[in-house]
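# Observations on the model geometry
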Amino acid sequence: TTATEVTNVSAVSSVLIGADTLEILFSKDAHRRMPMASTTKLMTALILSEQRTPYKTVTVTKEAVCVEGTSMGLAEGDSVSYYGLLVGMLLSSGNDAANAAAISVAGSVEKFAELMNEKAAALGMVNSRFVTPSGLDSDGHYSTAYDMALLASAVLKDSTLKGIVSSEALTVSFGNPPYDRRLYNHNKLLSRYEYCIGLKTGFTKKSGRCLVSAAKKNGCTVIAVTLNAPDDWNDHIKLLDYGLDRLKSKDITYSFEDDTLPVVGAAASRIRIEAEHFACGCTENTLENMTVKAELLPFVYSPVTPGQTVGRVDYYINGSLIHSSKIYSLADVEVYTGEQSFLKRFKRNIIKLVSAFI
């Protein structure tokens with residue numbers, strides 16, 4: 001895909017970013033505030049998943065199901081897990097699932113919207129405002145292509161959500177009593193584009209066709225967003241191809257000048273350390289603007305076990321944090337104190353003495 005082809009996308013607003021670095025690879029009026037329809041549910045799902053209780057079961061209220069538009073098939077009195085709601089809102093785009101999640105987490109749709117806006121602020125979505133958990137048209141409910149790309153990046157870092165949005169179909173159990181249902185993903189890119197790994201479709205008459213997608217190839221992941229795009233499937237194939245062609249996977253794992261750390265209370269005086277592996281898809285320009293900061297404990301007390309965290313490495317691009325990796329120890333260190341230490345030294349000295357006479 002050429003730059004000219006990407007420029008000719010049908011979307012009123014669009015953006016393409018590297019998922020690892022948030023580097024903008026292409027944009028078209030990407031900061032324009034627009035309705036984003038059911039792609040809103042990416043935010044609802046992120047907040048629900050961050051409750052870290054996927055097996056929690058809720059009873060569906062009348063308020064949750066009294067909503068127009070797409071549905072996962074919930075009825076008042078149904079039992080459904082948080083995981084079931086996640087699948088229902090991300091695959092079937094269930095407005096009932098989004099409302100049920102909001103009411104369960106915050107007590108009301110209005111209170112949940114406050115959580116959505118707090119999360120948006122934390123993610124740097126400065127041109128977004130959420131009013132509904134489902135994305136149905138509402139005054140003052142808007143985002144931008146760029147902000148939705150930031151949201152997609154956060155969603156892809158959540159292993160549960162990443163697994164759901166990349167699935168063409170999943171089976172979940174709900175009802176009164178619950179029974180298994182097969183739900184299918186509205187995102188046709190999963191079957192049309194071999195590198196697609198998600199994320200979410202959306203449509204209302206006011207917003208037009210909205211789509212947030214991601215693709216991964218050769219260790220590189222890109223995110224594309226189009227708002228009000230009549231030809232969104234083809235727009236995204238062009239954008240994703242263009243992005244994947246531009247990025248290269250680079251191993252930028254931090255390496256130490258001195259890969260040891262002092263140990264207190266052990267026979268060994270130092271222990272070897274290593275930074276967690278980090279590779280990202282980026283352009284050469286991104287690497288030039290990257291800075292790395294390592295924070296390390298001045299020493300550790302024995303006992304030290306393999307994999308024990310002893311510090312952190314932060315990676316920045318143009319001053320913005322894009323990734324944090326832990327620094328960890330590589331080997332066991334036993335404690336040698338008091339009598340134990342004396343006995344071990346005595347044993348070693350006896351061995352040396354006997355060896356001298358052999």
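For the structure, check the block above.
Residues numbered from 1 in each chain as written. Predicted model: local features only at pLDDT ≥ 70, side-chain atom pairs only at ≥ 80, totals over all residues. Heavy atoms only, no water.

### A look at the packing of helix 2 (residues 41–49) against helix 6 (residues 109–122)
Following both chains from N to C, one finds helix 2 and helix 6 inclined at 95°, their axes separated by 10 Å at the closest point. Taken as axis vectors, helix 2 and helix 6 run roughly perpendicular relative to one another. Of the residues in helix 6, those touching helix 2 at Met43, Thr44, Leu46 and Ile47 are Phe112, Leu115, Met116, Lys119 and Ala120. For the contact of helix 2 with helix 6, a count of residues per class yields seven nonpolar, one polar and one charged. (Axes fitted to C-alpha atoms, helices over the stretch in contact; angles between N-to-C directions. Helix = DSSP H or I, 4+ residues; strand = E, 2+ residues; numbered from the N terminus. Parallel < 35°, antiparallel > 145°, perpendicular 65-115°, else oblique. Contact = heavy atoms within 4.5 Å. Nonpolar A, V, L, I, M, F, W, Y, C, P; charged D, E, K, R; others polar.)

### Brief notes about the side chain of Thr40
Inspection of the secondary structure puts Thr40 in the loop between strand 2 (24–28) and helix 2. Not counting the four nearest positions on each side in its chain, Thr40 is found in contact with Met116, Phe130, Thr132, Pro133, Ser134, Gly135, His141 and Met148.

### Some details on the pairing of strand 5 (residues 169–175)
Regular strands show a simple pattern: their side chains alternate between the two faces of the sheet. Burial within strand 5 is extensive, with five of its seven residues counted as buried. Judged from the two bridges that link them, strand 4 (residues 79–81) and strand 5 form a sheet pairing that is antiparallel. Considered in strand 5, the bridge of Ser79 is made with Gly175. Sheet topology places strand 5 next to strand 6 (residues 178–184); seven bridges connect them, and they run antiparallel. (Buried < 20%, exposed > 50% of the residue type's maximum accessible area, 1.4 Å probe, protein only. Pairing = 2+ DSSP bridges.)

### Points about the environment of Phe203
By the secondary structure assignment, Phe203 is in strand 7 (residues 196–204). Excluding anything up to four places from it in sequence, Phe203 contacts Ala37, Ser38, Gly208 and Arg209.

### A word on helix 4 (residues 82–90)
The element helix 4 is extensively covered by neighbouring structure, given that eight of its nine residues are classed as buried. Along helix 4, the residues classified as buried are Tyr82, Gly84, Leu85, Leu86, Val87, Gly88, Met89 and Leu90.

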